[in-house]
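Topology and contacts: notes
The residues making up each chain are set out below.
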Amino acid sequence: MYLIEVNGQQLLLECGLFQGHRDETMERNRNFPFDPSKISTAIVSHAHIDHVGNFPNLCRKGFVGNIYCTFATRDLAAIMLEDSAEIQRDDAAFVSKKRAKQGLPPVEPLYTAEDAQRAIQQFVTFNYDRPMPVANGVTITFRDAGHILGAAQVVLDVNESGRKFRYLFSGDIGRGEDEILRNPEVVENVDYLQVESTYGGRDHSPKADSVSELVRLVNETCERKGKVIIPAFAVGRTQQVVFTLHQLTLAGKIPRLPIFVDSPLSVNATEVFRLHPECFNEPTYRFLREKANPFGMENLTYIREVTQSMKLNELKDPAIIISASGMAEAGRVRHHLKNNIGDPNNLILFVGYCAEHTLGAAIRAGRSPVNIFGEPHEVRARIASLDAFSGHADRTELKRYVSAITGDIKKIAVVHGEESQALAFVETLKQMKPGAEVFAPVYRQSVDF
C-alpha cells in the first residue's frame with residue numbers, strides 16, 4: 001500500500017494483503033494506518049493478492065471511490081478476491097476453533113465473499129496507453145509491465161500548484177521475452193521512480209537452460225513410471241507452464257502424458273486468459289488465431305470438482321499434476337504432496353518463488369520430514385526447482401528496465417523486495433544513477449517528491 005497526498009487529496013496505490021507470521025498478519029491486514037473514508041481514488045497495477053487482496057476490507061471500512069485498473073486485472077481480481085474470501089473464512093474458522101479450546105471468543109474473517117463482490121463493483125477499467133484524469137491535477141496512464149495478464153506500470157502525470165512532473169510506479173516488472181505476454185514497455189520523461197526489487201540482488205538461470213532441464217526432468221520421471229507434481233500459482237505461472245508443456249508436446253520433446261490442472265482458481269484464471277488476447281505477444285496471438293487454444297490440448301484436463309481431484313490419487317501411470325498454491329501453503333497441492341512425496345519415483349518441481357517459513361520453502365531446502373496437514377511426511381521424491389519461469393525480472397533485467405527509462409530521474413524509491421534484495425538493488429541503482437537520490441523506504445515512512 002502506497003498513500004499519495006497531492007493537491008489536498010489522498011490516492012491509494014495498491015491495497016495488498018500482508019503475509020507473514022499470523023499475529024502480525026492479522027493486525028496489519030485488519031487495521032489501516034489511515035482512514036479509508038478519506039481516500040478519494042485507488043489504483044491497482046495487477047491482480048496478485050499482495051497488490052489487490054485487501055480492497056474488500058478497505059471498501060468495508062469506508063472507501064467509496066473508484067479503483068482504477070486494466071480490463072484483465074479487473075476480471076482476474078474478481079476471481080482472486082472471491083477465492084481469498086474463502087481462505088479468510090477458513091482461516092478464521094481454524095483460529096476460532098483453537099481459541100474456543102482456550103475459552104476465548106471466535107474471530108471474524110477479514111472479509112466475506114459479499115465484501116469482495118462489493119469491492120469489485122468499485123473497479124473502473126481502461127486499456128493500456130489511454131491517459132485518464134482520475135483526480136484533481138492527476139492523470140494516469142497504464143503501460144504494459146509484462147508480469148502477468150493485465151499487469152501495468154502506473155504513470156502519474158501530476159500538476160501540483162503549477163509544478164508539473166511525471167511519477168512512475170513500476171508495479172511488478174516481467175522478465176521480457178515471455179512465452180505468452182508482451183515485453184515491459186519503456187516509459188519516457190520520468191522525474192520520480194518507484195521500482196520493485198523482488199530479485200534486485202540476484203539473477204535467474206537462462207530460460208533456454210530451464211526448458212532443457214524441464215524436458216530432462218519430465219522424461220526421466222516418465223521412465224521411472226513416476227508422477228510430476230508442480231506447485232504453481234493459479235494466475236500466471238500455471239498458464240505459463242501449461243503453454244510450455246503444450247509446445248514441448250507438439251515438438252515431440254516430451255511424451256503425450258496426461259496433464260491435470262487441479263485448482264478451481266487456476267481453471268477460472270485460464271478462462272480469463274482466453275478472454276484477453278490483447279495482452280498476448282505476437283507469436284501467442286497468432287498461435288491462438290491460426291492454430292489452436294494455447295491453453296488446451298487433448299491430453300490436458302482442467303479439474304474443478306473435489307471428487308475428480310481425489311481420483312487423481314488412484315493414478316498408476318506417469319502424469320503431470322499442476323496445482324495451486326505455488327508455495328504449497330494452501331490449496332489442493334498439499335493433498336498431492338501428501339500422497340506423492342514419499343515415492344522416490346516421483347518428482348516435486350517448483351517453478352516460482354517460495355517465501356520463508358512456507359511448506360514449499362521447507363521442501364526446496366531439503367528438509368525431511370515435513371509437516372503436511374499437521375503430520376510429518378518423509379520426503380523421498382526427487383525435488384527440483386526452475387527459477388526461469390519466474391514472472392519477476394531479475395537483477396540484470398531490472399537494470400535493463402531502469403536503463404531504458406528516459407528523463408532526468410531525481411529520486412528512486414526501491415520497494416517490494418526482501419530487505420537484502422531491496423538494499424542490494426539500491427546500491428546497483430546508486431552506481432547507475434549517480435545524480436538521483438536512491439533509497440529503500442521502511443514501513444510507514446513518509447517521503448516528499
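All of these numbers come straight from a predicted model, not from anything done at the bench.

Details of the overall build of the chain
Counting its regular elements, the chain contains 14 helices and 20 strands. Along the first, second and third principal axes, the C-alpha set of the chain runs to 70 × 60 × 40 Å. Among the 449 residues that make up the chain, the fraction classed as buried is 53%. A separation threshold of at least 6 residues defines the contact pool for the chain, and within that pool the share at least 24 residues apart is 76%. Between the centroid of the 51 positive side chains of the chain and the centroid of its 56 negative side chains there is a distance of 3 Å.

Considering the packing of helix α4 (residues 71-101) against helix α5 (residues 113-120)
Across the interface, α4 lies against α5 with an axial gap of 8 Å and an inter-helix angle of 165 degrees. Between α4 and α5, the crossing angle belongs to the class labelled roughly antiparallel. As α4 packs across α5, the resulting crossing turns out to be right-handed. Contacts between α4 and α5 involve Arg74, Ala77, Ala78, Leu81, Glu82 and Ala85 from the first element and Ala113, Ala116 and Ile120 from the second.

Overview of the side chain of Arg166
With respect to the helices, strands and loops of the structure, Arg166 is situated in strand β9 (residues 163-169). Owing to a relative accessible area of 16%, Arg166 belongs among the buried residues under this scheme. The residues contacting Arg166, other than those within four sequence positions of it, are Val155, Leu156, Asp157, Val187, Glu188, Asn189, Val190, Asp191 and Tyr192.

What to know about the pairing of strand β11 (residues 227-231)
The buried fraction of β11 amounts to 5 of the 5 residues, a majority that puts the element mostly inside the structure. Of the two faces of β11, the one holding Lys227, Ile229 and Pro231 and the one holding Val228 and Ile230 are both buried throughout. Looking at chain direction, β11 and strand β14 (residues 319-323) are connected through 5 bridges and run parallel. Counterpart to Pro231 in the pairing with β14 is Ser323. Relative to strand β15 (residues 347-350), β11 runs parallel, the two being bridged by 2 bridges. By the bridge assignment, Ile229 is partnered in β15 with Ile348.

Looking at empty space enclosed by the protein
Counting across every chain of the model gives 2 cavities of 30 Å³ or more. Quantified by volume, the largest cavity comes out at close to 60 Å³. What lines the largest cavity is His147, Asp178, Ile180, Leu181, Gly236, Arg237, Gln240, Phe273 and Gly391. Residues of the lining of the largest cavity, tallied by class, amount to 3 nonpolar, 4 polar and 2 charged. Lining the second largest cavity, in full, are Thr70, Phe71, Ala72, Asn127, Tyr128, Gly150, Glu278 and Cys279.

Quick notes on the environment of Asn293
When you line up the elements, Asn293 lands in the loop between α9 (282-290) and β13 (300-303). Residue Asn293 is classed as partly exposed on the basis of its relative accessible area of 22%. Expressed as a C-alpha distance, the spacing of Asn293 and Ile409, which sit 116 residues apart in the sequence, is 43 Å. When sequence neighbours within four positions are dropped, the list of residues in contact with Asn293 reads His246, Arg274, Phe287 and Leu288. At 2.9 Å, the side chain of Asn293 forms a polar contact with the backbone nitrogen of Phe295.

What counts and how
Residues numbered from 1 in each chain as written. Predicted model: local features only at pLDDT ≥ 70, side-chain atom pairs only at ≥ 80, totals over all residues. Heavy atoms only, no water. Helix = DSSP H or I, 4+ residues; strand = E, 2+ residues; numbered from the N terminus. Buried < 20%, exposed > 50% of the residue type's maximum accessible area, 1.4 Å probe, protein only. Contact = heavy atoms within 4.5 Å. Lys, Arg positive; Asp, Glu negative; His and termini not counted. Charge placed at Lys NZ, Arg CZ, Asp CG, Glu CD. Axes fitted to C-alpha atoms, helices over the stretch in contact; angles between N-to-C directions. Parallel < 35°, antiparallel > 145°, perpendicular 65-115°, else oblique. Left-handed = near helix turned anticlockwise from the far one by under 90°. Pairing = 2+ DSSP bridges. 1 Å grid on protein atoms, 1.4 Å probe; cavity = no way out; pocket = protein on both sides within 12 Å on 5 of 7 lines; lining within 4 Å. Points joined across faces, edges and corners; volume = space filled by probe spheres on them. Nonpolar A, V, L, I, M, F, W, Y, C, P; charged D, E, K, R; others polar. Polar contact = N/O pair within 3.5 Å; in protein donor to acceptor, adjacent residues only side chain to side chain.

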